[in-house]
Amino acid sequence: IKLIDAYDWDFCQIQYNYMDQTNQAGTEGLRYAASKGIAVIVMEPLLGGKLAKPAPAAVAKIWDSAPVHRTPAAWALAWLWDQPEVALLLSGMNAQDQLDENMAVAEYATPGFLSDDERALVEKARIAFEELAAVPCTGCEYCMPCPFGVDIPGIFRTYNQAVIYDDFKGSGAHYRNNFPESEKATSCTACGSCEAVCPQKIQIIEKLKEAHPA
């Protein structure tokens, strides 16, 4: 909000999709920027392609229950285009069929396109994805700072991304390349100070071992 209010911007760009409704700017930031007359460009509408992959069984069952058949990608794109505050989507495409689908959804999914039941369906899919998480970490950071520098919430967030979206390769690369050695799970000494304050009662020491890539 401070950034939006600091200047008379023509547009802004945010990461936004139905799984990222509260991350970064989120829905609140989208609507606030639009209320100021600022065009909002959305990046990661398919979360790096994760929302376009064949859905896990629990999510696929929800999509299959819809009266109108759409691919997982089409549902994610339609959810965004349904919102009048979204001005433009930056959607990565590397095949003709992906280009065709993106263009088709942008053509028919105008603001207000989805019914209330369809919006509820997308919300059910979001919840189903989140329930696949391997660690019930809320990111409250009560466990931080770790006395030995381990980035506990960051590790669990990366691990959950790997499990939820079946993307162990991508999440593993992110872990190896973006976490300093001092912040990785191998720096854990099993002192237990984090477990003593975790409101979710997570067995953090064991889960850190589980999260560290082999």
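Here is what the cut-offs are and how they apply
Residues numbered from 1 in each chain as written. Predicted model: local features only at pLDDT ≥ 70, side-chain atom pairs only at ≥ 80, totals over all residues. Heavy atoms only, no water. Helix = DSSP H or I, 4+ residues; strand = E, 2+ residues; numbered from the N terminus. Buried < 20%, exposed > 50% of the residue type's maximum accessible area, 1.4 Å probe, protein only. Contact = heavy atoms within 4.5 Å. Areas by Shrake-Rupley, 256 points an atom, 1.4 Å probe, with all protein chains shown as cover. Lys, Arg positive; Asp, Glu negative; His and termini not counted. Charge placed at Lys NZ, Arg CZ, Asp CG, Glu CD. Salt bridge = Lys/Arg side-chain N within 4 Å of Asp/Glu carboxyl O. Axes fitted to C-alpha atoms, helices over the stretch in contact; angles between N-to-C directions. Parallel < 35°, antiparallel > 145°, perpendicular 65-115°, else oblique. Left-handed = near helix turned anticlockwise from the far one by under 90°. Nonpolar A, V, L, I, M, F, W, Y, C, P; charged D, E, K, R; others polar. Phe/Tyr/Trp six-rings, centres within 6.5 Å; stacked < 30°, edge-to-face > 60°. Lys NZ or Arg CZ within 6 Å of the ring centre and 35° of its normal.

Participant: Give a detailed account of the overall build of the protein chain, specifying residues and quantitative values.
Facilitator: Across its full length, the protein chain carries 10 helices and three strands. Counting from the amino terminus, helix and strand elements in the protein chain follow one another as α-β-α-β-α-α-β-α-α-α-α-α-α. Viewed in the frame of its principal axes, the protein chain has a C-alpha envelope of about 55 × 45 × 30 Å. By the burial criterion, 38% of the 214 residues in the protein chain qualify as buried. Within the protein chain, contacts between residues at least 6 apart in sequence are counted, and of these 74% link residues at least 24 apart. As displayed, the protein chain has an accessible area near 12100 Å², and 54% of this comes from carbon and sulfur atoms. Each charge class in the protein chain can be summarised by its mean position, and for the 17 positive and 28 negative side chains these summaries are 6 Å apart.

Participant: How would you summarise the pattern of salt bridges if you had to cite specific residues and measurements?
Facilitator: On inspection of all chains with the given rule, the structure shows 10 salt bridges. Across the pair glutamate 123 and arginine 126 runs a salt bridge whose closest N-O atoms are separated by 2.5 Å. Of this pair, glutamate 123 and arginine 126 both sit in helix α6 (residues 116–130), three residues apart, which is roughly one turn of the helix. For arginine 126, a relative accessible area of 16% corresponds to the buried category. Several salt bridges converge on common partners, so that one network encompasses Asp82, Asp116 and Arg119.

Participant: Outline the packing of helix α7 (residues 152–164) against helix α8 (residues 168–178), supporting the account with residue identities and numerical values.
Facilitator: α8 packs onto α7 with a crossing angle of 160° between their chain directions and a minimal axis gap of 8 Å. By the angle class used here, α7 and α8 are roughly antiparallel. The element α7 and its partner α8 pack so that their crossing is right-handed. Judged by residue contacts, Ile155, Thr158, Tyr159, Gln161, Ala162 and Val163 of α7 engage Phe168, Ser171, His174 and Tyr175 from α8. For the contact of α7 with α8, the per-class residue count stands at six nonpolar, four polar and no charged.

Participant: Break down the packing of aromatic side chains for me, with residues and values.
Facilitator: Note on aromatic pairs: each is described by the distance of the centres and the angle between the planes. Applying the stated criterion across every chain, the model contains eight aromatic pairs. Taken together, a centroid distance of 5.4 Å and an interplanar angle of 45° make the contact between phenylalanine 129 and tyrosine 165 tilted. Residue phenylalanine 129 is found in helix α6, and its partner tyrosine 165 is found in the loop between α7 and α8; the two are separated by 36 residues along the sequence. Accessibility assignment for this pair places phenylalanine 129 and tyrosine 165 in one class, buried. Within the aromatic cluster, the residues linked to one another by ring pairs are Tyr16, Tyr18, Trp63, Trp75 and Trp79. A cation over an aromatic ring shows up here: arginine 70 above the ring of tryptophan 75, its NZ or CZ 4.6 Å from the ring centre. The lysine or arginine in question, lysine 184, covers the ring of tyrosine 175, its NZ or CZ lying 5.6 Å from the ring centre.

Participant: Quick one: what's the story with unusual backbone geometry, residue by residue and with numbers?
Facilitator: The omega torsion of the bond from methionine 144 to proline 145 falls at 0°, within 30 degrees of zero and hence cis. Its location among the elements puts proline 145 in the loop between α6 and α7. If you check the backbone angles, leucine 47 has positive phi at about 55° while not being a glycine. Structurally, leucine 47 is set in the loop between β2 (39–43) and α3 (57–64). One non-glycine residue, alanine 190, lies in positive phi territory at about 60°. Secondary-structure assignment places alanine 190 in the loop between α8 and α9 (193–197).

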